[in-house]
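What follows is each chain in one-letter form.
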Amino acid sequence: MKFGVIVFPGSNCDRDMAMVTEGIFGQPTRMVWHQETDITDIDVIAVPGGFSYGDYLRCGAIARFSPVMQSVIDHANQGKYVLGVCNGFQVLTEVGLLPGALVRNRDLHFICDRQYLRVENNDRVWTRGYRQNQVINIPIAHGEGRYHADPETLKAIEDKGQVLFRYCDAQGNVNEAANPNGSLNNIAGITNQAGNVLGMMPHPERAADGSLGLVDGKGLFEGLLNLVAG
């Protein structure tokens, strides 16, 4: 399968993503400049982390208007896969592919650390490489990662099983002490209703290379590739 990694001015995790999809998993990967509009050759679009357009106004607010994003919306509406990580998650909420919003962290500080996550739902393509309720350790790096939604939206995504990852402690307990940024319901990653679009604040691409000593992110890519191969 072929991956496409969007490159905005200010992206800084695009090469990290390509190193995993192409360097580790051997999948053809194309860097897609944000002014491009033809992505019909791509199976999976990755909207990477970083600081698109310097995060001016608010994270993702300017990137949503890049020409490529209408093509990403069309790609998603065709049932193809879209992965938004960190700033990419923010962009996907801005364009309406995912519900809710990402706002300033509870303590108003940028957080760069490793964080435990609990896999809430492993019947989606993105999590089939994990066990239900498995605890994984994935890096985070964000200043505006606190997930927020109105009560009706929050209830809907919970009821429909759209929450795939929650912040937790090493034992899998989901509580305020294990919540690094104040996200509602400890939400770290969600999908759209169809399940083909995933947004998450943690960085699985930074936890997929054994030489870095952390490989819990590999399961996300393995689940996706095994499903397509099947």
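See above for the structure.
Nothing here was measured: the structure is a model prediction, and the numbers come from that model. (Residues numbered from 1 in each chain as written. Predicted model: local features only at pLDDT ≥ 70, side-chain atom pairs only at ≥ 80, totals over all residues. Heavy atoms only, no water.)

Engineer: Help me understand the nonpolar core, please; the structure alone is not making it clear to me.
Structural biologist: In terms of nonpolar packing, the biggest core is built from 63 residues, with Val72, Trp126, Tyr147, Phe165 and Leu220 touching the most fellow members. Per-element tally for this core: the top contributor is helix H2 (residues 67-77), with 5 residues. With near-sequence residues (within four places) excluded, Val72 lies in contact with Ile6, Ile39, Ile45, Val82 and Leu97. (Core = buried A, V, L, I, M, F, W, Y, C linked by side-chain atoms within 4.5 Å. Buried < 20%, exposed > 50% of the residue type's maximum accessible area, 1.4 Å probe, protein only. Helix = DSSP H or I, 4+ residues; strand = E, 2+ residues; numbered from the N terminus. Contact = heavy atoms within 4.5 Å.)

Engineer: How do you make sense of the side chain of Thr191 when you look at a structure like this?
Structural biologist: By the secondary structure assignment, Thr191 is in strand E10 (residues 187-191). Here the side chain of Thr191 touches Arg124 through a polar contact of 3.3 Å, side chain to side chain. When neighbours within four sequence positions are excluded, Thr191 is seen to be in contact with Leu98, Arg124, Trp126, Gln162, Leu164, Val197 and Leu198. (Polar contact = N/O pair within 3.5 Å; in protein donor to acceptor, adjacent residues only side chain to side chain.)

Engineer: Would you mind going over the sheet that holds strand E2 (residues 29-33) with me for this structure?
Structural biologist: Two pairing modes exist for strands in a sheet, parallel and antiparallel, and in both the strands are linked by backbone hydrogen bonds. One open sheet accounts for 9 strands, arranged E2-E1-E3-E4-E11-E10-E9-E6-E7; its pairing is mixed. The sheet terminates laterally at E2 and strand E7 (135-142), the two strands that pair on one side only. Between one strand axis and the next, the sheet turns through 25 degrees on average, direction left out of account. Its contacts with the sheet put helix H3 (residues 87-94) on strand E3 (44-47), strand E4 (81-85), E10 and strand E11 (197-200), and the angle it makes with E4 is roughly 120 degrees. (Pairing = 2+ DSSP bridges. Axes fitted to C-alpha atoms, helices over the stretch in contact; angles between N-to-C directions.)

Engineer: Help me out: how do you make sense of the pattern of salt bridges in this one?
Structural biologist: Opposite charge on two side chains makes pairing possible when the charged atoms of those side chains draw close. Tallied over the entire structure, the rule returns 10 salt bridges. Salt bridges linked by common partners bring Lys2, Arg30, Glu36 and Asp41 together as one network. (Salt bridge = Lys/Arg side-chain N within 4 Å of Asp/Glu carboxyl O.)

Engineer: Looking at this structure, I do not really get unusual backbone geometry. What am I missing?
Structural biologist: Peptide bonds are trans in most cases, and residues, glycine excluded, mostly fall at negative phi. Here Asn133, not a glycine, exhibits a phi torsion of approximately 70 degrees, which is positive. Following the sequence through the fold, Asn133 ends up in the loop between strand E6 (111-119) and E7. Judged by its relative accessible area of 44%, Asn133 falls in the partly exposed class. The phi dihedral of Asn185 falls on the positive side, at around 55 degrees, and the residue is not glycine. Topologically, Asn185 is positioned in the loop between strand E9 (163-167) and E10.

Nothing here speaks to function; it is geometry throughout.
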